[in-house]
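Summary of structural features
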Amino acid sequence: MEKIQNFINGELTPPRNGKYIDNYNPSTGEVYSLVPDSEEQDALDAIAAAKAAFPAWKKTTKEERATILRKLANLIRDNFEEFVIAESRDNGKPVKVSEHVDIPRSSKNLEYYADEILKFEGEKFSDEGMGENYLEYYPIGPVVSISPWNLPLYLFTWKIAPALAAGNTVVAKPSEVTPMTAYMFTKLCNEAGLPPGVLNVIHGLGHKVGDTLTTHKDIKAVSFTGSTATGKVIAKNAGAHMKKYSLEMGGKNPNIIFADCDFDEALSVTMRSSFANQGQICLCGSRIFIERSIYEKFKEAMLVKTKKLRQGDPLEASTQQGAVVSEPHMNKIISFFDIAKKEGGNILIGGKRADRPGYFIEPTIIENLDSSCRTNQEEIFGPVVTITPFDKEDEVVEWANSTEYGLSGSVWTKDLTKAKRVASAIDSGVVWVNTWLMRDLRTPFGGMKESGRGREGGTYALKFYSDVKNICINNN
Ligand code: NDP
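Residues numbered from 1 in each chain as written. Predicted model: local features only at pLDDT ≥ 70, side-chain atom pairs only at ≥ 80, totals over all residues. Heavy atoms only, no water.

Re unusual backbone geometry
At Asn9, a residue that is not glycine, the phi angle is positive and equals roughly 55 degrees. As for its placement among the helices and strands, Asn9 is situated in the loop between strand E2 (6-8) and strand E3 (11-13). In this structure Asn9 comes out as partly exposed when scored by relative accessible area, which is 41%. The backbone phi angle of Leu437 is positive, close to 65 degrees, even though this residue is not glycine. Checked against the element boundaries, Leu437 lands in the loop between strand E20 (430-433) and strand E21 (448-449). For Leu437, a relative accessible area of 28% corresponds to the partly exposed category. (Helix = DSSP H or I, 4+ residues; strand = E, 2+ residues; numbered from the N terminus. Buried < 20%, exposed > 50% of the residue type's maximum accessible area, 1.4 Å probe, protein only.)

Structure (structure tokens):
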């Protein structure tokens, strides 16, 4: 059975305590590899390596760093099939999703920041009586990146790419339930020419290494994606130790469908925004609001399509619905079926574990729930959506904004004036009009309210991973 290793100072390194945690294949429920059960000393070793590597790495040119990032992107491409299969086996997601989303986007993240860093220059300001001002950006030092299990390599690279491009060294901690592709990635780093210590990866449990990583004096910034509860712990830790932090947390995103939408397009994209990756994408539209005049028709059409979703082995090319990531996560999702029933919800389809080994849940649609109930307020993060009819624009905007979250929203209508009005009124970091998950990497990504602090993406991430200095020359 494969033993995953930490990556410290350019070397694959076993945990100092010699202990490992079981890593399960979600589609069978069987253990198939072992993950280091790292502890504080492993985290300290990784931080020391990142600190030692920083002075030389920060002096490299942008071109040198860009070249290494491009090599890493190409090495992922050279091993594309292996990465695709590993991601699907580790996470339970259909191979089609790894093939079209996770792995290509991982290469793209690295390439995008290889390009972006070359264009990243300090702004200039000049006004009479205020001097010639120009800004210089500097790497800030060793940083920590903590990434979740839903898009493992995608979010791992989304964080490390701008951090490395901006000249920082990194200690990364992937989720212990999906460590495999980050481990495979570390095996390519030396070949790509990444100097030892520039990227270090610690595998293991968040609660065992998390405090060390997020409070250590040599760590200058922490970037995190995961639950709001953990995000709050990280904010407290990082804030108390004067570190920058960037948090991308949960969502309970509204998907608003007006009667004047393109019905077929809204339906087909809503199926994706509801059930893609088994609903385990922070941007999934888990609360669907449908204008009353098309409610029944839309609902029936959704039920027909949901019934036809092919659930099965994630490694089969035809599979549309795989397994959810872990047994505890499956149980959390299932617990919401009882909650929803007690709250008066009517489960139209699904609402139970699928009758097969592994962690499979039937795609679920629930109606007849009030906006304020737990099912409509808490992030379930599974293949579960609620549908609700609405009559008025004001009413649906109020419901859309009624949760603590504010990550994303979707609006479906052919009336662009109305679309823009509703998009402006929704409190979230991104609103899609007549689409979902369309991402230009130059745009800011993150959430309002309890969905996030700060923004990543584009130059937002490069600025997060940099310190800025204003130089002012008296030109009088
Ligand atoms: P967590 O927020 O617990 O985990 C996310 C990452 O943070 C993991 O790498 C985790 O490590 C790490 N972590 C946990 N505790 C600490 C700590 N004290 N200090 C530093 N790092 C820590 O998410 P879960 O995986 O437990 O999922 C729970 C819920 O979070 C989901 O049901 C979903 O609602 C939400 N979620 C949201 C995501 C998003 O994209 N916004 C992504 C994933 C989950 P470890 O895995 O070892 O605990």
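Some words on the domain arrangement of the chain
By domain assignment, the chain separates into domain 1 (2-249 + 451-473) and domain 2 (254-440). For domain 1 versus domain 2, the distance between C-alpha centres works out to 30 Å. Between domain 1 and domain 2, the contact holds 26 residues from the first and 28 residues from the second. Carbon and sulfur atoms make up 58% of the surface buried where domain 1 meets domain 2, a total of about 2100 Å² over both sides. Taken as a group, Pro94, Trp149 and Ser451 account for 24% of the area that domain 1 buries against domain 2, more than any other trio of residues on that side. For the interface between domain 1 and domain 2, the tally reads eight residue pairs in polar contact (both at pLDDT 80 or more). Contributions of two or more residues to the side of domain 1 that touches domain 2 are made by helix H3 (80-91) and helix H4 (95-119). The greatest single-element share of the side of domain 1 that touches domain 2, amounting to four residues, is contributed by H3. Of the residues assigned to the side of domain 1 that touches domain 2, the class counts are eleven nonpolar, ten polar and five charged. (Domains from an automatic or database assignment. Contact = heavy atoms within 4.5 Å. Buried area = accessible area lost by both parts, 1.4 Å probe. Polar contact = N/O pair within 3.5 Å; in protein donor to acceptor, adjacent residues only side chain to side chain. Nonpolar A, V, L, I, M, F, W, Y, C, P; charged D, E, K, R; others polar.)

What about the sheet that holds strand E4 (residues 20-25)?
Sheets are built from strands that pair by backbone hydrogen bonding, the pairs being arranged parallel or antiparallel. Pairing is mixed across the open sheet formed by three strands, whose spatial order is E1-E5-E4. Each of the sheet's edge strands pairs with one partner strand only, and the pair in question is strand E1 (2-3) and E4. When E1 meets strand E5 (residues 30-36), the two strands line up parallel, connected through two bridges. Counterpart to Lys3 in the pairing with E5 is Leu34. (Pairing = 2+ DSSP bridges.)

Some thoughts on the side chain of Asp218
Mapped onto the fold, Asp218 is located in the loop between helix H7 (206-215) and strand E11 (221-225). Apart from residues no more than four positions distant in its own chain, Asp218 is found in contact with Ile47, Lys51 and Pro142.

A word on the site of the ligand
Near the ligand there are 27 residues, and of these Trp149, Glu176, Gly206, Lys332 and Glu379 occur at the shortest range. Asn150 is positioned such that a nitrogen or oxygen atom in its side chain is 3.5 Å from an oxygen atom of the ligand. Burial of the ligand by the protein amounts to 86% of the accessible area it has alone, namely 860 Å². Only H7, E11, helix H8 (228-240) and helix H11 (327-342) provide two or more residues apiece to the shell around the ligand. Looking at the shell around the ligand residue by residue, the classes come out as ten nonpolar, twelve polar and five charged. (Near = heavy atom within 4 Å. Areas by Shrake-Rupley, 256 points an atom, 1.4 Å probe, with all protein chains shown as cover.)

Thoughts on the state of the cysteines
For the structure shown, the criterion picks out zero disulfides. Here Cys373 stays free of any disulfide, with the sulfur of Cys284 as its closest cysteine sulfur at 19 Å. Residue Cys373 is classed as buried on the basis of its relative accessible area, which comes to 10%. (Disulfide = S-S within 2.5 Å.)

Some details on the pattern of salt bridges
Enumeration according to the criterion identifies 21 salt bridges in this entry. Taking the shortest distance from any N to any O, the salt bridge between Lys119 and Glu116 comes out at 3.7 Å. Of this pair, Lys119 and Glu116 both sit in helix H4, three residues apart, roughly one helical turn. Using a relative accessible area of 59% as the deciding quantity, one classes Lys119 as exposed. Members of the salt-bridge network, linked through shared partners, are Lys51, Lys217 and Asp218. (Salt bridge = Lys/Arg side-chain N within 4 Å of Asp/Glu carboxyl O.)

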